[in-house]
Amino acid sequence: MKDHLVIFDTTLRDGEQSPGASMTKEEKLRVARQLERMKVDVIEAGFAAASPGDFDAIKLIAETIKDSTICSLARANENDIRRAGEAIRPAARGRIHTFIATSPIHMEKKLRMTPDQVVAAAVQAVHWAREYTDDVEFSAEDAVRSDVDFLCRVFEAVIKAGAKTINVPDTVGYSVPSVWGDLMRTLIARVPGADQVVWSTHCHNDLGMAVANSLSAVLAGARQVECTINGLGERAGNASLEEVVMAVRTRSDLFPVQTRIDATQIVPASKLVSQITGYAVQPNKAVVGANAFAHESGIHQDGVLKHRETYEIMRAEDVGWAQNKLVLGKHSGRNAFKSRLAELGIVLDSEEALNATFARFKDLADKKHEIFDEDLQALVSDEAITPEGEHYKLVYSRVCSETGETPTADVTLTVGGAEKKASASGGGPVDATFKAIESIAASGAELLLYSVNAITTGTDAQGEVTVRLSKAGRIVNGNGADTDIVIASAKSYLNALNKLHSSLEKLNPQGDV
Ligand code: KIV
Ligand code: ZN
């Protein structure tokens, strides 16, 4: 009988700390629904004290999700913990994850606290958290650079105070598998009460070893892994959920654990997170990259055709590839459309939203014969505008591009309801369109990223465009999809401008708290 490995997903918290990856409340709920469908044990839905938007998103997720534990992060202070406690209150199962740094550099330079003060703050934090829930997790931030004796002292104290999960983070992605496994083994052997708690690992990927370090910790006794979809996260990211889950499953001969993850939901989750955050998945990324199951060389193709396992250690369909079956076409009715959205876990919050999305689906079905699940996700993303509505809206766009001539664009927008027109020329049709939009909006924002991906295959596929804009320290991602990539680009640029315009959009997910 194998032990259960708790999968703790922090895409909505640590993942959201990637520059520009901040998500609206509705987007977070869509991701949370997908994580629940995938049977993630714990969803870290955010950091309640970071902003009112984070608080509301955690509360909404706690009200909606029933099959996963909903967790909020909180620093070891009373305000953070009470905000976290209030946010998770509606959850069927709620967890507070409190943390304080334990390394000399963090204690001296950042916290300006003595080790004794840190121990006292950690214990007090766990007591406050226990007022809200029995399910309290404690993390020693920067454990990787902490003194082992001190870590043992802090962990012993918080276990006595009632923490049920002890998380050991490699906050700066500094460790290597053998060292990380040894640390976990030492802590479990030395800390009094170690057998009463779940030991957890949280690894960052600065040296590309987050997954390897996490798996080493599992071999040493950790029974929770903190990870994110596509390895999204602060700096180089976190351990990637799909790699951890599939490693444990594929090498069940090595790992004495099993997860309850429904692996067929992995690729849909990866695509959803990529679409919402604008973080494209590299083609050669393990498990979820477009080429992860593509065999290019003749020798490999020949082998796979003769016997698949010659070159494949996992089956594409087991992780959810080829799930993008043809779902709907231009003759599909509103009910079929609504029920496919429900199967994808997409619930539109009003009849108006459903009608508008259905009308857009019909438009798309006129242009594109076959509509796949990814097309539906993109339609819904397009519909999900900022909470304050669309300040900038595309009414009309026309581009002229011919060999040897400078491309030009004409655009008509509504800005706060008033119609405005502009024309511009540029290096290409997209450049001309952005210049025309900018001549109306005069945002002065800096374009950090422009990327186009085909959502599905075929030349009639929708192009999905991500635009990342930066202005006065705020970074936002805009998304737009259309079978015409210039229109997709215009939508994406306007989506980013709307986010910059929205006062509800956060400056930075964990910033300035
Ligand atoms: O990386 C880290 O140390 C964290 C903690 C808050 C767990 O994200
Ligand atoms: Zn982290």
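Everything below is about the structure printed above this text.
Residues numbered from 1 in each chain as written. Chains lettered and ligands numbered in written order. Predicted model: local features only at pLDDT ≥ 70, side-chain atom pairs only at ≥ 80, totals over all residues. Heavy atoms only, no water.

1. Structural notes on a nonpolar patch on the surface
Rules: Residues form patches when they are more than 30% accessible in relative terms and have no salt bridge. Like charges link within 9 Å. Nonpolar side chains (Val, Leu, Ile, Met, Phe, Trp, Tyr) link within 5 Å. Where accessible areas are quoted, they stem from the Shrake-Rupley method and a 1.4 Å probe; at the residue level, only the protein chains shown are allowed to cover. In what follows, salt bridge is the name for a side-chain nitrogen of Lys or Arg lying within 4 Å of a carboxyl oxygen of Asp or Glu. A run of H or I in DSSP becomes a helix once it reaches four residues, and a run of E becomes a strand once it reaches two; helices and strands are each numbered from the N terminus.
A contiguous nonpolar patch, built from Leu 447, Tyr 450, Val 452 and Ile 485 and spanning about 310 Å² of accessible area, is present on the exposed surface. Looking at which element gives the most residues to the nonpolar patch, the answer is strand S14 (residues 446-454), with three residues. Note that Tyr 450 resides in strand S14.

2. Focus: the coordination of the zinc ion (ligand 2)
To be explicit about the condition: Water is not among the atoms examined, so metal sites may look incomplete; donors are the N, O and S atoms within 2.8 Å of the metal, or within 3.2 Å for Na, K and Ca. Relative accessibility under 20% of the residue-type maximum defines a buried residue, over 50% an exposed one, and the middle range a partly exposed one, all with a 1.4 Å probe and only protein chains included.
Distances from the zinc ion (ligand 2) to its protein donors, Asp 14 (OD), His 202 (NE2) and His 204 (NE2), fall at 2.0 to 2.2 Å. When the donor residues of the zinc ion (ligand 2) are listed from N- to C-terminus, their spacing reads D-x187-H-x1-H. Here Asp 14 is found in the loop between strand S2 (6-9) and helix H1 (25-37), whereas its partner His 204 is found in the loop between strand S8 (198-203) and helix H8 (210-219), with 190 residues between them in sequence. Residue His 204 is classed as buried on the basis of its relative accessible area of 4%.

3. Brief notes about the site of ligand 1
Operational definition: For this purpose, a residue is taken to be near a molecule or strand whenever a single non-hydrogen atom of the residue falls within 4 Å of it. In the analysis that follows, any N or O atom pair within 3.5 Å is treated as a polar contact, provided that within protein one partner can donate a hydrogen and the other can accept it, and provided that, for residues neighboring in sequence, both atoms belong to side chains. Under the grouping applied here, Gly and all other residues not named as nonpolar or charged are polar, the nonpolar ones being Ala, Val, Leu, Ile, Met, Phe, Trp, Tyr, Cys and Pro and the charged ones Asp, Glu, Lys and Arg.
Around ligand 1 sit Arg 13, Asp 14, His 97, Phe 99, Ser 139, Glu 141, Asn 167, Pro 169, Thr 171, His 202 and His 204, and that is every residue in its neighbourhood. Asp 14 has a polar side-chain atom sitting 3.1 Å from an oxygen atom of ligand 1. Here ligand 1 loses 94% of its free accessible area of 260 Å² to cover by the protein chains. Contributions of two or more residues to the shell around ligand 1 are made by strand S5 (94-101), strand S6 (136-141) and strand S7 (165-170). Residue composition of the shell around ligand 1, by class: two nonpolar, six polar and three charged.

4. Considerations on the pattern of salt bridges
Across all of its chains, the model carries 38 salt bridges by this definition. Between Lys 271 and Glu 374 there is a salt bridge, with its nearest N and O atoms 2.7 Å apart. Here Glu 374 lies in helix H14 (residues 373-383) and Lys 271 lies in helix H10 (residues 266-277), a separation of 103 residues in the sequence. Note on Lys 271: relative accessible area 29%, which makes it partly exposed. Judged by its relative accessible area of 11%, Glu 374 is buried. Each of Arg 13, Asp 14 and Glu 44 takes part in salt bridges that share partners, so that together they form one network.

5. Some remarks on empty space enclosed by the protein
What counts here: A cavity here means a set of points on a 1 Å grid, drawn over the protein atoms and nothing else, where a 1.4 Å probe fits but cannot get out; a pocket is an open set with protein on both sides within 12 Å along at least five of seven lines, and a residue lines either one if it has an atom within 4 Å of a point. Grid points are joined across faces, edges and corners, and a volume is the space filled by probe spheres set on the points.
Within the structure shown, the criterion is met by four cavities of 30 Å³ or more. Lining the largest cavity are Ser 274, Gln 275, Gly 278, Tyr 279, Ala 280, Ser 451, Asn 453, Glu 464 and Thr 466. When contributions to the lining of the largest cavity are tallied by element, the ones reaching two or more residues are H10, S14 and strand S15 (463-471).

6. What to know about the layout of surface pockets
Estimates place the volume of the largest pocket at around 880 Å³. In this structure, the largest pocket is lined by 36 residues; those nearest its centre are Val 267, Lys 271, Trp 321, Glu 374 and Ile 455. Sorting the residues of the lining of the largest pocket by element identifies H1, H10, helix H12 (334-343), H14 and S14 as the ones contributing at least two each. In terms of residues, the lining of the largest pocket owes the most to one element, H10, which gives seven residues.

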